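Residue strings, one per chain:
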Amino acid sequence: NAGVTQTPKFQVLKTGQSMTLQCAQDMNHNSMYWYRQDPGMGLRLIYYSASEGTTDKGEVPNGYNVSRLNKREFSLRLESAAPSQTSVYFCASSEGGRANTEAFFGQGTRLTVV
Amino acid sequence: AQSVTQPDIHITVSEGASLELRCNYSYGATPYLFWYVQSPGQGLQLLLKYFSGDTLVQGIKGFEAEFKRSQSSFNLRKPSVHWSDAAEYFCAVGRGSGGYQKVTFGTGTKLQVIP
């Protein structure tokens, strides 16, 4: 009964370093999402994958890349981290297709770029 | 473009008191509306949702929300707040087609519960 699992939970990077945030869901959902959460700004969509094999940009994609590895896994990569990417990152999944399906969220990754 | 406004950044209530969190949205057609709760260090959890039908929606943990089209509002209420309700609450609006990537979240209201 894991739902959406994100790793790692915490990470500190130096400016210019790269890293990949991992996300996996066990609910057989078609759609997966990456959000960032910043104080006073709510959740903003970085990238999403409406179905296996497809990815699209969200509201704030610059500086990020994603891979939908299979139906279960959706990773987010920071190629060259910047202090502006300090944030809490959430992965989510939903059945997809229409917005009347609930989205399930992981517990988040707190990333600090120094 | 759709948008969501949560005018209260922070609210403090006493345990046992009633609660109302405000949410106003902007959307051209009948919206899909959601309330999510985020406990400290956790991801978001769906409290309730409105798509159509009865404008008073019941959710989990004793919460309810009322859709008022004339006021473009979807306020969240609870008759008696418990200390465990301390969390951040997010209102969200979306449209039917296009999936969850078309859902816009508000900036959140942080609820503090005092004894």
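All of these numbers come straight from a predicted model, not from anything done at the bench. (Residues numbered from 1 in each chain as written. Chains lettered and ligands numbered in written order. Predicted model: local features only at pLDDT ≥ 70, side-chain atom pairs only at ≥ 80, totals over all residues. Heavy atoms only, no water.)

All right, on to the interface of chain A and chain B then. In this assembly, 22 residues from chain A lie in contact with 24 residues from chain B. The junction of chain A with chain B conceals about 1,800 Å² of combined surface from both sides, 56% of it contributed by carbon and sulfur atoms. Viewed at the interface, chain B and chain A are joined by zero salt bridges. Scanning the region where chain A abuts chain B turns up three residue pairs in polar contact (both at pLDDT 80 or more). Those elements that provide at least two residues to the side of chain A that touches chain B are β4 (31-38), β5 (42-49) and β9 (87-94) of chain A. Take the side of chain A that touches chain B: its biggest share by element is four residues, from β5 of chain A. Tallied by class, the residues present in the side of chain A that touches chain B amount to 11 nonpolar, nine polar and two charged. (Contact = heavy atoms within 4.5 Å. Buried area = accessible area lost by both parts, 1.4 Å probe. Salt bridge = Lys/Arg side-chain N within 4 Å of Asp/Glu carboxyl O. Polar contact = N/O pair within 3.5 Å; in protein donor to acceptor, adjacent residues only side chain to side chain. Helix = DSSP H or I, 4+ residues; strand = E, 2+ residues; numbered from the N terminus. Nonpolar A, V, L, I, M, F, W, Y, C, P; charged D, E, K, R; others polar.)

A word on the confidence of the model for chain B. Confidence in the prediction of chain B, expressed as mean pLDDT, is 92, and 97% of residues score 70 or more. Averaged pLDDT values over the elements of chain B bottom out at 90 in strand β11 (residues 104-105) of chain B and peak at 98 in strand β3 (residues 19-21) of chain B. (pLDDT = per-residue confidence, 0-100.)

The next thing to look at is the side chain of Glu-88 of chain B. On the secondary structure map, Glu-88 of chain B appears in strand β10 (residues 87-94). The side chain of Glu-88 of chain B is buried and forms no salt bridge, while Lys-110 of chain B, the nearest opposite charge, is found at 4.4 Å. Not counting chain neighbours up to four residues away, the residues in contact with Glu-88 of chain B comprise Gln-37 of chain A together with Tyr-36, Val-37, Gln-38, Thr-107, Gly-108, Thr-109 and Lys-110 of chain B. (Buried < 20%, exposed > 50% of the residue type's maximum accessible area, 1.4 Å probe, protein only. Lys, Arg positive; Asp, Glu negative; His and termini not counted.)

All names here are of chain B. Applying the stated criterion to the full structure yields seven salt bridges over all chains. Put simply, Asp-8 and Arg-22 hold a salt bridge, and the shortest N to O gap is 2.9 Å. Note that Asp-8 is positioned in the loop between β1 (3-5) and β2 (10-14) and Arg-22 in the loop between β3 and β4 (24-26), a separation of 14 residues in sequence. Take Arg-22: its relative accessible area is 38%, and that puts it in the partly exposed class. Salt-bridge contacts for Glu-66 lead to Arg-77; the nearest nitrogen and oxygen are separated by 3.2 Å. Of this pair, Glu-66 sits in strand β8 (residues 64-68) while Arg-77 sits in strand β9 (residues 73-78), and the two are 11 residues apart along the sequence. Take Glu-66: its relative accessible area is 24%, and that puts it in the partly exposed class.

Residue and element names in this part refer to chain B. Taken as a whole, this structure holds two disulfides over all chains when the rule is applied. Paired by a disulfide, Cys-23 and Cys-91 hold their sulfur atoms 2.0 Å apart. Its S-S torsion of approximately -65° makes the covalent link between Cys-23 and Cys-91 left-handed. Linking Cys-23 in the loop between β3 and β4 with Cys-91 in strand β10, this pair joins segments that are 68 residues apart in sequence. Accessibility expressed as a relative area gives 0% for Cys-91, which makes it buried. (Disulfide = S-S within 2.5 Å.)

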